[in-house]
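# Chains, contacts and geometry: an overview
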Amino acid sequence: MMKKYAKTHEWVQVEGKVATVGISNFAQDKLGDVVYVDLPQVGKVVKKGETLMSIESVKAASDVYAPVSGKVLQVNEKLNDQPELVNKDPEGEGWLVKIEMTNPNELNELLDEGAYKKHCEEEE
Amino acid sequence: MTIFEKSVTGRKAFRFPDTAIEKREFDIPNHLLRKKAPQLPELSEPDVVRHYTDLASKNYSVDKGFYPLGSCTMKYNPKINEYTAALRGFSQIHPYQPWEFTQGALQIIFELKEFLCEITGMDDMTLQPAAGAHGELTGMLIARAYHLSKGDFKRHIALVPDSAHGTNPASAAMAGFDVVELKSTEDGLIDLAELKKNLSDEVAVLMLTNPNTLGLFEKDITEIAKMVHDAGALLYYDGANLNAIMGRVRPGDMGFDIVHLNLHKTFSAPHGMGGPGSGPVGVKSFLAEFLPIPVIRKADDKYYPDFNLPKSIGRVRSFYGNFLVMVKAYTYILTMGRDGLTHASRMAVLNANYLRTLISRFLNIASPRTCMHEFVVDGSEFVRQTGVKVLDVAKRLLDYGVHAPTVYFPLIVHEAMMIEPTETESKDTLDMFSKILKQIVEEARTKPDIVKNAPYKTPVRRLDDVTATKKPVYRFKRQG
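Because the structure is a prediction, the values reported are computed rather than measured. Each chain has its residues counted from 1, running along the sequence as written. Following the order in which they are written, the chains are lettered starting with A and the ligands numbered starting with 1. Residue-level local features of this predicted model are given only where pLDDT is at least 70; pairs of side-chain atoms are given and counted only at 80 or more, and the full residue set underlies all totals for whole chains, interfaces and linings.

## Focus: the overall build of chain B
In this description a helix means any DSSP run of H or I spanning at least four residues, a strand means any run of E spanning at least two, and both kinds are numbered starting from the N terminus. Helices and strands together make up the secondary structure of chain B, namely 15 helices and 12 strands. Its C-alpha radius of gyration of 25 Å places chain B within 12% of the 23 Å reference for a compact globule of 480 residues. Along the three orthogonal principal directions, the C-alpha set of chain B runs to about 80 × 65 × 45 Å. By the burial criterion, 41% of the 480 residues in chain B qualify as buried. Throughout, a pair of residues is in contact if the C-beta atoms placed from their backbones lie within 7 Å. Relative to all contacts within chain B whose residues are 6 or more apart in sequence, the contacts with residues 24 or more apart total 72%. With C-alpha atoms as the basis for the radius of gyration, the globule rule is written as 2.2 Å multiplied by the number of residues raised to the power 0.38. Once C-beta atoms are placed from the backbone, each residue is buried if 20 or more other C-beta atoms lie within 10 Å of its own, exposed if 12 or fewer, and partly exposed for counts between those two.

## Notes on the sheet that holds strand 3 (residues 178–182) of chain B
All names here are of chain B. Being paired, for any two strands, means DSSP has found at least two bridges between them. On the basis of which strands lie adjacent, the open sheet formed by seven strands has the order 1-7-6-5-4-2-3 and mixed pairing. Since the sheet does not close on itself, it has two edges, and those belong to strand 1 (124–126) and strand 3, each with one partner. Between one strand axis and the next, the sheet turns through 20 degrees on average, direction left out of account. With three bridges connecting them, strand 6 (residues 258–260) and strand 7 (residues 281–283) associate as antiparallel partners. Residue pairing for strand 7: H260 is matched across the bridge by V281. On top of the sheet, helix 5 (residues 132–149) reaches strand 1, strand 2 (157–161), strand 4 (203–208), strand 5 (234–238), strand 6 and strand 7; it is set at about 165 degrees to strand 6, its chief contact. For helices, the fitted line uses only the C-alpha atoms of the stretch in contact; every axis is such a line through C-alpha atoms, and the angle between N-to-C directions lies from 0 to 180 degrees. Against the sheet, helix 6 (residues 167–174) makes contact with strand 2, strand 3, strand 4 and strand 5, and its axis sits at roughly 175 degrees relative to strand 2, the strand it touches most.

## Some thoughts on the packing of helix 10 (residues 323–359) of chain B against helix 13 (residues 427–446) of chain B
All names here are of chain B. Across the interface, helix 10 lies against helix 13 with an axial gap of 10 Å and an inter-helix angle of 30 degrees. Relative to helix 13, the element helix 10 lies roughly parallel. In the packing of helix 10 onto helix 13, the handedness of the crossing is right-handed. Side by side, helix 10 and helix 13 meet where N351, Y354, L355, L358 and I359 of the first sit next to L430, F433, S434 and L437 of the second. The class makeup of the residues in the contact of helix 10 with helix 13 is seven nonpolar, two polar and no charged. Oblique is the label for any angle not under 35 degrees, not over 145, and not in the 65 to 115 range, which are roughly parallel, roughly antiparallel and roughly perpendicular in turn. Helix crossings fall into two classes, left-handed where the near helix is turned counterclockwise from the far one by less than a right angle and right-handed where it is turned clockwise. For this classification, the nonpolar set comprises Ala, Val, Leu, Ile, Met, Phe, Trp, Tyr, Cys and Pro, the charged set comprises Asp, Glu, Lys and Arg, and every other residue, Gly included, is treated as polar.

## Quick look at unusual backbone geometry
Residues and elements named next belong to chain B. For the bond running from I293 to P294, omega is -10 degrees, close enough to zero to count as cis. The amide bond that connects F409 to the next residue, P410, takes the cis arrangement and shows omega of 0 degrees. Tracing the chain through its elements places P410 in the loop between strand 11 (406–407) and strand 12 (416–419). Not every positive phi belongs to a glycine, and Y408 is a case in point at roughly 60 degrees. Along the polypeptide, Y408 turns up in the loop between strand 11 and strand 12. Residue class for Y408 comes out buried when judged on the 22 C-beta atoms lying within 10 Å of it. Of note in this structure, T422 is not a glycine but carries a positive phi near 70 degrees. Following the sequence through the fold, T422 ends up in the loop between strand 12 and helix 13.

## Concerning the interface of chain B and chain A
Facing nine residues of chain B, the contacting portion of chain A comprises seven residues. Taken together, the elements giving at least two residues each to the side of chain B that touches chain A come down to helix 11 (380–386) and helix 15 (465–470) of chain B. It is helix 15 of chain B that provides the largest number of residues to the side of chain B that touches chain A, a total of four residues. Residue composition of the side of chain B that touches chain A, grouped by class: three nonpolar, three polar and three charged.

## So, the domain arrangement of chain B
How big an interface is tends to be expressed through the accessible area that disappears when the partners come together. Per the domain assignment, the segments of chain B are domain 1 (1–58), domain 2 (80–334) and domain 3 (338–467). Where each domain starts and ends comes from a domain assignment, either automatic or drawn from a database. Computed from C-alpha coordinates alone, the two centres of domain 1 of chain B and domain 3 of chain B are separated by 45 Å.

## A short note on the pairing of strand 6 (residues 51–57) of chain A
All names here are of chain A. Two elements, strand 4 (residues 34–38) and strand 6, share four bridges in a ladder whose sense is antiparallel. Among the inter-strand pairings, V37 is bridged to a residue of strand 6, identified as I55. Summarising the sheet, strand 6 and strand 7 (residues 61–65) pair through five bridges and their orientation is antiparallel. Pairing of S54 across the sheet is with D63, part of strand 7. Between strand 6 and strand 7, which pair antiparallel in sequence order, lie three residues.

## Some details on the packing of helix 2 (residues 79–86) of chain B against helix 10 of chain B
All names here are of chain B. Where helix 2 meets helix 10, the axes come as close as 8 Å, and the angle between the chain directions of the two elements is 130 degrees. What the angle tells us is that helix 2 and helix 10 run oblique. In this structure, helix 2 meets helix 10 at a crossing whose hand is right-handed. Contacts between helix 2 and helix 10 involve I80, N81, T84 and A85 from the former and L324, V327, K328, T331, Y332 and T335 from the latter. Of the residues contributing to the contact of helix 2 with helix 10, the split by class is five nonpolar, four polar and one charged.

## What about the sheet that holds strand 1 (residues 2–5) of chain A?
Residue and element names in this part refer to chain A. Here six strands make up an open sheet; going across it, the order is 1-2-3-9-8-5 and the pairing antiparallel. In this open sheet, the two strands that pair with only one neighbour each are strand 1 and strand 5 (45–46). Bridge count for strand 3 (residues 18–23) against strand 9 (residues 97–101) is four bridges, and the pairing is antiparallel. Within the sheet, the bridge partner assigned to A19 lies in strand 9 and is I99.

## Examining the nonpolar core
By convention in this section, buried Ala, Val, Leu, Ile, Met, Phe, Trp, Tyr and Cys residues joined through C-beta atoms within 7 Å make up a nonpolar core. Membership of the largest hydrophobic core comes to 116 residues, with the highest contact counts inside it found for A158(B), V205(B), Y236(B), I258(B), M326(B) and A329(B). Looking at this core, the element that brings in the most residues is helix 10 of chain B, giving 15 residues. Built from parts of two domains, this core gets at least three residues from each of domain 2 (80–334) and domain 3 (338–467) of chain B. Excluding residues that lie within four positions of it along the chain, I258(B) makes contacts with G139(B), I142(B), A143(B), L234(B), Y236(B), Y237(B), V281(B), V283(B) and L287(B). Membership of the second largest hydrophobic core comes to 30 residues, among which are W11(A), V46(A), M53(A) and W95(A).

In structure tokens form, the structure reads like this:
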């Protein structure tokens, strides 16, 4: 399975036409303790780079941007009761949504793990 | 322990004397009568006094010590303000009294409005809004009413820089605008190219604060104003940072159309932290017809509330707003005078730059430029080196008996610590604060656990802010 990162600190993992989306470990560390995850409606259509949803931490409310265009197929309902999963396991159990991609070519514009790591170091 | 938990059934602080007045039942319909007496606390007078004195002694305030909470302008609140606000003529009147009988109060409102218009360079003003964010909402509603009155229905966007106070996008959204965020330059200033790209005939207003949240003066402000006006939009001034420029430059002269102020910041009324503030909104003459009703006016040596503004956005607050806060601001302006106010802003800037220079010797500053009334420490390198977070430093400061600065704001600086000393602090206090901060940085390097587990000397240790946010308890419920 292919895993890629956006410069805005979202990750996508792709299986066929479905992309699972979350925020990176770097992002959760910067946010601090997450207290509320404002999940989008299933069926919401998003364009790459647009606001997908927002996450509220003890520090701030931050937008999560759609790393790919498509339709929201599923949201991680567990986060309604356990928003802390985003901190504990951001790139696993703390995933946010699954998106049915309309343009898989967009994945080419995202960073692989090495390039993303470098991007984070620059941002520090 | 709350005062309810200290209650003992039957205990009293006051006993009514025997009376010759005959007891009589009132004719209240049965269904309106409560079945059970209200559960009010029952205590003796010393119990009550001790309870609140104890709470007051646990509180930290600017009367107790240094309070460099960036962006909040925690300047000292002169006690003469309390004296005037407590005068019977002000404190014992009621807004339902006919305005002919409260001429003195209306005169204060009118003259304060005139003073503030002069200070900000605006033409008219409302003093109704109860605090800063309420003033922002009022300003946004005025911007909306203005565009709609011209039949311009396309303008649905409010531009807000990414360095803005969080209340700015919230107020714009509350007023029905779609908020578009403007990316700032490295210094947190407006990026003219970015602004140009985002301006269109759909933009209603640009919200700005000057100096900005990094404490830097927006040097291109006249160019920005021209661009915004050429695009048919309005320019809004968030008065949070007025203390840096009061008496020296006026937002109205920079090209701002709408201005909100915080009397509880710049004009020395106390911060209630949820209690009464006051957020006047000033406008240029072409927007005056949209101000909330009533506007206080003067004719034939009489002051009166003018309700005849058909295009007004309506009331935003009951009666006249938080009147006694206005009395305090009015007192402040009169006691300081023009030269005093100018001197205050000058000293606020001098104090900030003095402290910035001291702190820059052991922590990074977000922008190396000369600042205005406040500056932002960029703690990211410190955090990387020590593993101690800026939040830990803030908590440790409490052990040394000073208030922590604002942390994690503005969002454009990671690990931000925003410091605003204000003009009322002496060089000794600034030296002391810098020394304490340096010592904590030293502790973070040598004994980090001490800092990570602070505070130790406060009435409560670290609060569980995660649970407090996730499961807030809004009110006390008696057990059983």
